[in-house]
Structure formats: C-alpha cells, structure tokens
Amino acid sequence: MWKMAAEGGGKEANEIKTQFSTREGVYKLLPNSEYSRPNRVPFNSQGSNPVKVSFVNVNDQSGTGERICFNVGRELYFYIYKGVRKATDLSKPVDKRIYKGTLPMCHDSNALTATAESVSLLVGFSAGQIQLIDPIKKETSKLFNEDRLIDKSAVTCLKWVPGSEHLFLVAHSSGCLYLYNVEHTCGTTPPHYQLLKQGESYAIHTGKSKSARNPLLRWTVGEGAVNEFAFSPDGKFLACVSQDGFLRVFSFDATELRGTMKSYFGGLLCVCWSPDGQFIVTGGEDDLVTVWSFSDARVVARGRGHKSWVSVVAFDHCITSTQDCKALAEFSGSDEDFHDNSQFNGNRERANSAQSGLSKQNSTNGSVTYRFGSVGQDTQLCLWDLTEDVLFPLSRTRTQTNAMSAETGANGNSSASSSLPRSNSLQHSAGSSPNSNKPTSIVDSALIATGVSKFATLALHEVRKERNQEKEHKRNHSISYISNKSSDKLNQIIGARAAKTDAARMLEMTSCPRMEEIPLLEPLVCKKIAQERLTVLVFLEDCLVTACQEGFVCTWARPGKVMFTDGLECCGLLVDYCDVFISCLDSHSDGTHSLQSIHC
C-alpha cells in the first residue's frame, strides 16, 4: 500500500530524510552514532522477528550511564550508548549473543537494580522461553518456561513490574499474560490454576500449588495475541492491546478492568501512556493513532498520517507540558456545573489562571500540551501535537466565552459572536454546519452548541468522503423484525429490546466512535526515514532513537544537542568473537526444549 503511495508522490516521496524541522528547531540524523551489526551488512528481514531496542541507565558517574540493547535476527547486542556525545565503536560490545533454534523477540532491563557492574536483562524468545541474563558479568542466571509447559507460543512483550526487583510480566501470542517471580522456579509439570476473577473478555487465574512456583498469575485477555502492554507512570494500571482490536486497561494490583476501547478496524499493535498518566495512545492495523482519555474512558482524537500499519507509538516527555492541561481538565464539566453560581467563581478563577498559563505557553511553543510520535511499516516517522483545544474543547470555549461576555458587558455591545481562536482546527463542512437543525450525534450537538469544530486539521473533502462511507460502517446496528401485534406484553418486549439495543449502540460508539465524531489530527512531521519498516521509536533527553527491520539503530539529535567530543569515526570492524556467547535450543526425545549458553 505505502509503496504505491510513494510512487504516486514522485521522487521526493521516496527520498530518505536525514533531518526534519519542528517549531523547536531542526532534528538531525547522526551517522556516526548509528548502531548495527558490526559488519554493517543490512539484515535480510523477510519473515524475521522484529528488531527491538531497550535502554537502561546504570547511574554511571562518568556520564556514560546509558546502555542500549537491541536484537537483529538471531543476534543480541549490548553496548554503552554514547548518543550525541561520541561516535559509536561497534567493535567493542559489552556483550553479544547468538541464538540457535529460537529467536530473541523482546527484552527489558530492570532499572531499579541496574548498576555499572550488573544489569538484570530479560529476553523473550519465539519458542516461548524467557531468559534472565547479566550482559555485564556475561552470565546466564535463570531460564523460565524452559520446557514450554507454561506457554508454547512466542513471547510478544515483557517488562519488569515498576518498583519491583523480582516481579516481571510476560505476554504471549496465545493471548495470555503471566506474572513471574525471579526467585521462584517453574516446576517440572504443567501448572494448575484456579479462577481468581472473571469479566467480559478476560479471566485471571492464580497458580494452584502447595509450594511457591511460577507463574503467580495468568491473565487471559481477549481473542488472539496480546501484541503489547504498558504500565502507567505510577505503576498502578496496565494497558494491553490485542489482535482482536481492543485496548483494555486494568488496575494491576486489584486485577480489575477499568476501561476498553475498540480500534477503527483490525488489530492494535502498540500502546503507550502520557507522562502524567491521563491519556493512552494506540496504533495498529487501521493505519491510525488513537488518543484515549483514561479519566473519561473515551476516545478524544485520532491521527491520520501513516499509509500502513503503525508499529510503535511513544510520548516525548521533553516536549510534553501537562501543567496547563490539568487546570483545564479540572474546569471541564457539564453546562449546569458551569452556570452554577456556587461553583462558577472558583471555576472562573482556575480557568483564568489556566488561560493565563496557556497564553504564556502559546507565545513560546504554540500552545503544545502533549507531543507524541509514531513509526510504521510505511517507513515513516510522524510527530503529533495534542493541544488543549482538542483535549478540552468545552473548557477552552467556556473560558473564552466568559472573557468575551465580560468584555461585552463592559463595552455595552453584543457583537462578540466572532469565531473563537483555534490553534489547529477548521470549520465544519456544509454537511455539518453549526446552523444545522439535525446534528448527527450527541457529541456533535455538544460541540456545535459551543462553536468548536469537531476536526483538527481535517480537509473538507475528507469529511465528505467519510460521510459517504458512513452507510457501509460495519458497526451499524439494526433491530430484528418483530411482528406487529397489539398487546401490552409485546410492546414491553419491543421497548426492552430497543432500550438494550440503544445501550449497546451507545457503548460501542463510546469505545469506537465514528470518524466524524471526534477531532482528526494531522501530523506535525511526517517523513520517510528508512528503507525497511520501522520497529522502534524512543525519546531520550537529547535525542530520539529509531530502528528499522534492516537492523540499523539511528540517533536523531534534538535541536542544538550535537556534542561530539572527539573526531572518531565508526570503524566498522568485525567484532572479536572470543567474547561471544552462543545459545542453543536443544530438542529432547520427549519433545521438550531447553536453552543452553556456550562460551566460544
């Protein structure tokens, strides 16, 4: 799909960018800071496991505390990450491992216990095993699910539980998540479970054993693979995205479902939390990025910029500013609350304070509230800005209306019906004019009443296109035919069914609203930056990091952050294999498998 689009765009569309501009300045690719296999030969990525990158800070006093781990095919590398400070020396990995019989799929280091002398690194494999290694000491301490008695499917995501030295969570393509304790064994027989909690499309079981063993818990979530999960910044909540197209958010300790969201179509592949835990962004097979409000349990915006599946989404904590949006969130409420004199004075003071802060922010960075990025199989990097007029349209409009009302009262005229200032939104199309007597939905009614556009930078021809497709929307509901009999009992049945259908329709519209019912964002930046599909996007303090399926991990310096301290060039030498570990997957006569590390 994206190849055809690129060809249609001419030569410039196929050109790989080495820099791009935003309102804060120019981001530049640093060729000398590229990480890859030591021979720099592009990896043959057809049908292989995705390239993944993870970071950990070991709090090294020398200023080089960041460590980078990445997998390419059968190989796993661990380097000192020099970022924008020094050029990469690929001949000196801290550790390198080659696996046979299975492929490394994902990895995560424990930031709580990491030091310059020791790092606890978890690695998940395509055959279902999980390995705990120390790449600095070059040790392999434990292997979990060694005989694949817990789950035989591939590991799709694993992470250490925030704030824990011993607990970690693992997701599999079977649709299950397992909670492990590094101090417990997995046993020599398949585990037995007992139901702990059950709800719609999920069930949580606890291990049933006389002695402590792994796994501690098993989560069965949705249908199909659990593609990724993410803990909230405070570690209290868990967001999971699955191949069935659902985002599910759980209270991790209470093991309770807190909210759900449905993709526009297809599976969801990636998920991340905003730095303040207020919003969740997902991406997937609908080529969209979707912003979901955790507190309101609803979709607040979608972003359209990718031409193929979105593989990674991530918030930029260095650009994101949340102080003002919290004040606006506190001010958002019903119209009745707004006109209630007992609350109005306090709300007005908070709104004025927030508006004052927003005015200051507008003058410096264009009223940006949140910045997040996404990469996809179309080889494009997109950056997105979420502004307060998109996240809190009612609050911003009431604040502006209040200010205009006060000005009108002072000047004695009532001509303050001019359009409100909006940082990134357009007027409605003719089909949804604010003067229309028949708004298309409850959301439309609320937005039209306040004079705020539903769309953020959506072209009018796209609006018409979406409306033409409305009849074919697969989430339409209809009530089955019921014979026309004049009886009170039948009327009650019809009324009950109609009420149930309306409730189901409202619930589904909340979890997956139509395209025309919410703001549609356009990317701030959308650039082709690789030849193969992109699989990594990480925001660091002085740079952002991307990686493609060819195995090249690239560093993009933030504006004004290029600080090479020497003139070293990447030597590109082959690694010395005397410090390489080869891990083999041995097959036994009984059909089981085991991983072994061999020092060459």
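Predicted model only: the values in this text are computed from it and were never measured.

Reading the values: rules and limits
Residues numbered from 1 in each chain as written. Predicted model: local features only at pLDDT ≥ 70, side-chain atom pairs only at ≥ 80, totals over all residues. Heavy atoms only, no water. Salt bridge = Lys/Arg side-chain N within 4 Å of Asp/Glu carboxyl O. Buried < 20%, exposed > 50% of the residue type's maximum accessible area, 1.4 Å probe, protein only. Helix = DSSP H or I, 4+ residues; strand = E, 2+ residues; numbered from the N terminus. Pairing = 2+ DSSP bridges. pLDDT = per-residue confidence, 0-100. Contact = heavy atoms within 4.5 Å. Core = buried A, V, L, I, M, F, W, Y, C linked by side-chain atoms within 4.5 Å. Phe/Tyr/Trp six-rings, centres within 6.5 Å; stacked < 30°, edge-to-face > 60°. Axes fitted to C-alpha atoms, helices over the stretch in contact; angles between N-to-C directions.

## Here we look at the pattern of salt bridges
Part 1: The full count for this structure, using the stated rule, is 11 salt bridges.
Part 2: Close ionic contact of lysine 17 with glutamate 15 constitutes a salt bridge, the shortest N to O distance being 3.9 Å.
Part 3: Residue class for lysine 17 comes out buried when judged on its relative accessible area of 18%.
Part 4: Two residues, aspartate 385 and arginine 371, come together in a salt bridge whose shortest N-O distance is 2.4 Å.

## Description of the environment of arginine 258
Part 1: Along the chain, arginine 258 falls in strand β20 (residues 256-262).
Part 2: Through-space distance from the C-alpha of arginine 258 to that of leucine 238 is 9.5 Å; in sequence the pair is 20 residues apart.

## Description of the sheet that holds strand β23 (residues 288-293)
Part 1: Strand order across the open sheet formed by five strands is β21-β22-β23-β24-β28, with mixed pairing between neighbours. What marks the edges here is a single partner per strand, and that holds for β21 (268-273) and β28 (520-521).
Part 2: Relative to β28, strand β24 (residues 298-304) runs parallel, the two sharing two bridges. What sits directly across from arginine 302, in β28, is leucine 520.

## Points about the confidence of the model for the protein
Part 1: Of the residues in the protein, 63% reach a pLDDT of 70 or more, and the chain-wide mean stands at 75.
Part 2: In the model, residues 503-507 has pLDDT below 50 throughout and makes two contacts with residues more than four positions away in sequence or in other chains.

## Focus on the pairing of β23
Part 1: Counting buried residues along β23, six of its six residues qualify, which places the element largely inside the surrounding structure.
Part 2: In textbook terms, the turn of a hairpin is the stretch between consecutive antiparallel strands, and for strand β22 (residues 279-284) and β23 this stretch comprises three residues, one of which, aspartate 287, has a positive phi near 65 degrees.
Part 3: Across six bridges, β23 lies against β24 in antiparallel orientation. Bridge pairing in β24 links threonine 290 to arginine 302.
Part 4: Hairpin remark: β23 followed by β24, antiparallel, with four residues in the connecting loop; positive phi at alanine 297, about 55 degrees.

## A look at the nonpolar core
Part 1: Counting 21 residues, the largest nonpolar core has Tyr35, Val53, Ile68, Phe70, Tyr81 and Val553 as the members making the most contacts within it.
Part 2: At the level of secondary structure, the elements contributing two or more residues to this core comprise β3 (53-57), β4 (66-72), β5 (75-80), β31 (543-548) and β32 (553-557).
Part 3: Setting aside residues no more than four positions away along its own chain, valine 53 makes contact with Ile68, Cys69, Phe70, His107, Val536, Ala547 and Val553.

## Digging into the packing of aromatic side chains
Part 1: For the structure shown, the criterion picks out 26 aromatic pairs.
Part 2: Plain terms: the ring middles of phenylalanine 70 and tyrosine 77 are 5.2 Å apart, the flat faces sit at 20 degrees to each other, and that makes the pair stacked. Assigned by exposure class, phenylalanine 70 and tyrosine 77 land together as buried.
Part 3: Ring geometry for phenylalanine 144 and tyrosine 180: centres 5.7 Å apart, planes at 65 degrees, overall edge-to-face.

## What to know about the side chain of serine 242
Part 1: Topologically, serine 242 is positioned in strand β18 (residues 237-242).
Part 2: Excluding residues within four positions of it along the chain, serine 242 makes contact with Val221, Ala225, Val226, Asn227, Arg248, Gly267 and Leu268.

## Notes on the sheet that holds strand β8 (residues 121-125)
Part 1: The sheet built from four strands is open, its strands ordered β7-β8-β9-β10 with antiparallel pairing. Both edges of this open sheet fall to β7 (104-109) and β10 (139-144), since each of them pairs with a single strand only. Pairs of neighbouring strands in the sheet enclose a mean axial angle of 20 degrees, with direction left out of account.
Part 2: Two strands pair when backbone bridges link them, and strand β9 (residues 130-134) and β10 are joined in this way by five bridges, in the antiparallel orientation. Bridging from a neighbouring strand, isoleucine 130 pairs with phenylalanine 144 of β10.

## Description of the environment of glycine 73
Part 1: Mapped onto the elements of the fold, glycine 73 is located in the loop between β4 and β5.
Part 2: A sequence separation of 29 residues divides glycine 73 from threonine 102, and the C-alpha atoms of the two residues are 9.7 Å apart.
Part 3: Setting aside residues up to four positions removed in sequence, glycine 73 forms contacts with Phe43, Ser48, Asn49, Leu103 and Pro104.

## Observations regarding the environment of phenylalanine 279
Part 1: The residue phenylalanine 279 is located in strand β22 in this model.
Part 2: Spatially, the C-alpha atom of phenylalanine 279 lies 9.5 Å from that of aspartate 296, the residues being 17 residues apart in sequence.
Part 3: Leaving out residues up to four positions away in the same chain, phenylalanine 279 has contacts with Cys272, Trp273, Ser274, Val291, Trp292, Ser293, Phe294, Val300, Phe315, Tyr370, Leu391 and Phe392.

## What about unusual backbone geometry?
Part 1: Cis rather than trans, the peptide bond between asparagine 214 and proline 215 has omega equal to 0 degrees.
Part 2: As for its placement among the helices and strands, proline 215 is situated in the loop between β15 (202-207) and β16 (217-221).
Part 3: Backbone geometry at asparagine 145 places phi at a positive 55 degrees, although glycine is not the residue there.
Part 4: One can find asparagine 145 in the loop between β10 and β11 (155-160).
Part 5: Of note in this structure, threonine 255 is not a glycine but carries a positive phi near 50 degrees.
Part 6: Inspection of the secondary structure assignment puts threonine 255 in the loop between β19 (246-251) and β20.

## As for the side chain of asparagine 227
Part 1: Tracing the backbone shows asparagine 227 in strand β17 (residues 226-231).
Part 2: Overall, asparagine 227 belongs to the buried group, its relative accessible area being 17%.
Part 3: Here asparagine 227 is in contact with Thr156, Cys157, Val241, Ser242, Gln243, Leu268 and Leu269, once residues within four sequence places are set aside.

## So, the pairing of strand β12 (residues 167-172)
Part 1: Across the six residues of β12, five count as buried, placing the element largely inside the fold.
Part 2: In terms of strand pairing, β11 meets β12 through five bridges, oriented antiparallel. Each residue of the ladder has a partner; that of tryptophan 160, found in β12, is phenylalanine 168.
Part 3: Taking the residues between adjacent antiparallel strands as the criterion, β11 and β12 are bridged by six residues, where glycine 163 takes a positive phi near 80 degrees.
Part 4: Bridging between β12 and strand β13 (residues 176-181) involves five bridges; their strand directions are antiparallel. Residue alanine 171 lies in a different strand from β13, and its bridge partner there is leucine 177.
Part 5: Linking β12 back to β13 in an antiparallel pair, the connection comprises three residues, with glycine 175 at a positive phi of about 95 degrees.

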